[in-house]
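Notes for the structure review
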Amino acid sequence: MSLEAFFSTSICYGAGAPEAGWTLAFPITLPLAVLALIYALGASRLWRRSGRGRPERLRQALLFAAGWGVLTGALVSPIHALGERVFSAHMIEHELLMAVAAPLLVAACPGAALMWALPAKLRRGTGKLTQGKVLQALWALAARPLSATVLHGIAIWTWHIPALFEAALQQGVLHYAQHASFLGTALLFWWALLPRYGRRQTYGSSVMHLFFTSLHTGLLGVLLLLSPKLWYPANASGAAIWGLSPIEDQQLAGLVMWVPAGLICGGAALLLAGLWISNSGTREATHALRPG
């Protein structure tokens, strides 16, 4: 089987019809299953060693399960198959990947569990590899809030160029690359912005980048909503499945990108702003209580 045939979009439909089929293709289901098994193994090992840290381990496991569930639902459920022919379904799938699954997975802090799933020798070797100066320098650069925000924005706007978007509909390899870039840059984006234990959090920077992301993605959504011209005619061939005309399908997709996705970024920004104010008040009170 050729590479193109292996990643063909027709494989993504499994045994079902395009408008209702479940995606059972190995390029999607196998990585999802392997990820779940590796996490379960590592989390169980950590659980036995956690002691008083078990409540936190449980919280992380629940967040990971929620993120993995949303990710699986977006890529395996009929939403994926519908997304080949209904643009608004395609947009819902993308937003589930970037705005729901990604922050849940990042909030779960799965790195420790994934590492503990490895054999001891491989775990030590992986740890040494990640401590390399070049790799650490590249990661430090990519994981900066500004870098992560720019990379995520580039992925979103680039793949919505009509020629590239419709090429991804026709070529399975590009389709998988599109989803991988959306999810990968979203994971990096949320990793750089969400607070986590053991890191000095720059709340102001995170709030700014979240609001900026909600603005530029909202702008793209508004352009889709108000445009009198179809951007992706090939992705509107099945709009009638949802009782929509092609232009109404595009307008609904624009609304999905503008409102729900914008609310998630805006809500996260407001939450971090609240934490910023709360932490600032705590620091000031602590400083005032110091002798002298």
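Notes on the structure in this doc start here. Quantities reported herein were computed from a predicted structural model and do not represent experimental measurements.

Side note on the pattern of salt bridges
Tallying each qualifying case throughout the model produces one salt bridge. Put simply, Glu 56 and Arg 59 hold a salt bridge, and the shortest N to O gap is 2.6 Å. Remark: Arg 59 and Glu 56 occur in helix H3 (residues 54-76); sequence separation between them is three residues, near one turn of the helix. Its relative accessible area of 36% is what places Glu 56 among the partly exposed residues. Residue classification places Arg 59 among the partly exposed residues on the basis of a relative accessible area of 38%.

Description of the side chain of Ser 214
Relative to the assigned elements, Ser 214 resides in helix H12 (residues 203-226). Among the polar contacts listed, one links the side chain of Ser 214 to the backbone oxygen of Phe 211, at a separation of 2.7 Å. Contact partners of Ser 214, with chain neighbours within four places excluded, come to Gly 262, Cys 265 and Gly 266.

Here's the deal with the packing of aromatic side chains
Applying the stated criterion across every chain yields a total of seven aromatic pairs. Measuring from centroid to centroid gives 5.4 Å for Phe 189 and Trp 190, while their planes differ by 80°, and the two rings are edge-to-face. Aromatic rings pair up to connect Phe 87, Phe 165, Trp 231 and Tyr 232 into one cluster.

Notes on the layout of surface pockets
Here the largest pocket defines a volume of roughly 680 Å³. Taken together, 18 residues line the largest pocket, and the ones lying closest to its centre are Pro 110, Gly 111, Leu 114, Trp 139 and Trp 191. Per-element accounting of the lining of the largest pocket gives the leading share, four residues, to helix H11 (residues 172-193). Across the lining of the largest pocket, the residue classes break down as 14 nonpolar, four polar and no charged.

Conventions and cut-offs
Residues numbered from 1 in each chain as written. Predicted model: local features only at pLDDT ≥ 70, side-chain atom pairs only at ≥ 80, totals over all residues. Heavy atoms only, no water. Salt bridge = Lys/Arg side-chain N within 4 Å of Asp/Glu carboxyl O. Helix = DSSP H or I, 4+ residues; strand = E, 2+ residues; numbered from the N terminus. Buried < 20%, exposed > 50% of the residue type's maximum accessible area, 1.4 Å probe, protein only. Polar contact = N/O pair within 3.5 Å; in protein donor to acceptor, adjacent residues only side chain to side chain. Contact = heavy atoms within 4.5 Å. Phe/Tyr/Trp six-rings, centres within 6.5 Å; stacked < 30°, edge-to-face > 60°. 1 Å grid on protein atoms, 1.4 Å probe; cavity = no way out; pocket = protein on both sides within 12 Å on 5 of 7 lines; lining within 4 Å. Points joined across faces, edges and corners; volume = space filled by probe spheres on them. Nonpolar A, V, L, I, M, F, W, Y, C, P; charged D, E, K, R; others polar.

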